[in-house]
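Here's the letter readout for the chains.
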Amino acid sequence: MRILVTGGSGYIGSHTVLALLEAGHDVVVIDNLANSNQESLRRVGEIAGRSAEFLQVDLLDETALDNAFSSQNVDAVIHFAGLKAVGESVEKPLYYYHNNVGGTLNLLRCMERHDVRTLVFSSSATVYGASEEVPLVEKLPLDAVNPYGRTKEQIEDILSDVGAADERWNIALLRYFNPVGAHESGRIGEDPTGTPNNLLPFVAQVAVGRREKVMVFGNDYPTPDGTGIRDYIHVVDLAAGHLAALDYVHSHSGVHRWNLGTGKGSSVLEVLAAFSAAAGHEVPYEFGPRRPGDAAVSYADPSAALADLGWSAHKTLQQMCDDHWRWQKENPLGYSS
Ligand code: NAD
Ligand code: UFG
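Residues numbered from 1 in each chain as written. Chains lettered and ligands numbered in written order. Predicted model: local features only at pLDDT ≥ 70, side-chain atom pairs only at ≥ 80, totals over all residues. Heavy atoms only, no water.

Colleague: Explain the site of ligand 2 to me, using residue names and the numbers behind them.
Modeller: Around ligand 2, the surrounding shell holds 20 residues, and the nearest of these are Thr-126, Phe-177, Met-215, Arg-230 and Asp-294. Measuring from an oxygen atom of ligand 2, one finds a backbone N or O atom of Tyr-176 at 3.2 Å. A distance of 2.8 Å is found between an oxygen atom of ligand 2 and a backbone nitrogen or oxygen belonging to Phe-217. The fraction of the free accessible surface of ligand 2 (680 Å²) that becomes covered by protein chains is 88%. Top element by residues in the shell around ligand 2 is strand S8 (residues 214-217). It accounts for 3 residues. Of the residues assigned to the shell around ligand 2, the class counts are 11 nonpolar, 6 polar and 3 charged. (Near = heavy atom within 4 Å. Polar contact = N/O pair within 3.5 Å; in protein donor to acceptor, adjacent residues only side chain to side chain. Areas by Shrake-Rupley, 256 points an atom, 1.4 Å probe, with all protein chains shown as cover. Helix = DSSP H or I, 4+ residues; strand = E, 2+ residues; numbered from the N terminus. Nonpolar A, V, L, I, M, F, W, Y, C, P; charged D, E, K, R; others polar.)

Here it is in structure tokens:
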């Protein structure tokens, strides 16, 4: 198939583009480079031995997007493009709703005009909000607790309405848990701008000496070691989940929802121990207060993805940290190293 990948030069997008190319698909990437570097796709081309086509297009520019659909004869879309920083979304809600929801509306209208109705969308476990009913299952009511999460929830609602109105649409809503790690080559990985919001990239920057120590947000949670528990999933397993979902929706119409997680939770202290083992030295940390809005425990029930897609995550926390570390060590300043 010829797949259009929005946000394809970003972290999860670049790993998925690689998996698509390796599976024999042709790929066209659309990205405005707001939070990524085209170098990721150059390296993807190096690893795969062939390249994705790249178009620098902003989803908010509907004319440019429409031209892209006119010039490319695509069969399906994987839609990663979006802004994802929770704190920034609280400060700039309009920017987030405009970019994420507005960009998706433009994309859907272009898809409809060009008769492309197969879509895989990047949703997030954040749509479950502060639900502490673990493991999290797809049928739980959605209750996002911040503007970023609400953009994902609103897009899920829009896609559900679109799918209900016209059975020609084939839509997968993929709720990712905590994507971490990097391709085992160490050539592509996560390259956050500014201070990382998430645990793994922060730990990696401490381990490589760019930052002094990790602040562990709370050690008084009702968990075995008192620190927060999350379902970390290797980005390469996550990329494989997109191919499985794409295959499924290619032959099943309607709107489908799947958690993509391992089903296993790890605490912050377990992550720090695994990362220290990967780096070969202790990653310094100290305990601080809880971060507002954080759940104590969050992990997926991934059984629906296994039953429907035959997909499950295979890589261990140690592999996630080993691969994340290899990328960080060999590219201490990310793609601008
Ligand atoms: P990323 O920032 O690395 O990639 C997103 C890409 O979208 C970037 O390359 C950015 O330049 C592009 N983009 C943003 N707005 C755009 C626009 N208007 N037009 C064109 N391109 C635009 O993020 P990621 O971690 O790869 O996440 C990919 C998707 O997965 C996002 O939708 C994110 O919300 C979702 N997600 C991520 C996580 C996570 O922890 N990384 C968890 C759950 C869901
Ligand atoms: N944590 C620390 N110190 C840090 C950063 C994080 O102790 O410097 C802790 C958090 O308190 C939490 C765990 O590490 O217990 C993971 O935190 P992340 O910020 O990496 O991930 P979250 O689960 O809080 O949230 C992320 C994204 C959300 C998304 C969610 C599920 O930020 O947008 O994963 O996909 F919804």
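Next comes the rest of the account.
Colleague: I'd like a description of the site of ligand 1, backed by residues and values.
Modeller: Around ligand 1 there are 26 residues in total, and Asp-31, Asn-35, Ser-36, Lys-84 and Tyr-148 lie nearest to it. Protein chains shield 96% of the accessible area of ligand 1, which is 810 Å² for the free molecule. For the shell around ligand 1, the secondary-structure elements that each account for two or more residues are helix H1 (11-22), strand S5 (118-124) and helix H6 (147-165). Of all the elements, S5 adds the most residues to the shell around ligand 1, at 3 residues.

Colleague: Residues and numbers for the sheet that holds strand S3 (residues 53-56), please.
Modeller: Think of a sheet as strands paired side by side through backbone hydrogen bonds, with each pair either parallel or antiparallel. Judged by pairing direction, the sheet is parallel, and its 7 strands sit side by side in the order S3-S2-S1-S4-S5-S6-S11 without closing on themselves. Taken across any chain shown, the strands that pair with only one partner, and hence form the sheet edges, are S3 and strand S11 (254-260). The mean angle between the axes of side-by-side strands here comes to 20 degrees, regardless of whether they run parallel or antiparallel. The pairing of strand S2 (residues 26-31) with S3 spans 4 bridges and is parallel. Paired with Val-28 across the two strands is Glu-53, which belongs to S3. Packed on one face of the sheet, H6 meets S5, strand S6 (170-176) and S11 and runs near 150 degrees to S5. (Pairing = 2+ DSSP bridges. Axes fitted to C-alpha atoms, helices over the stretch in contact; angles between N-to-C directions. Contact = heavy atoms within 4.5 Å.)

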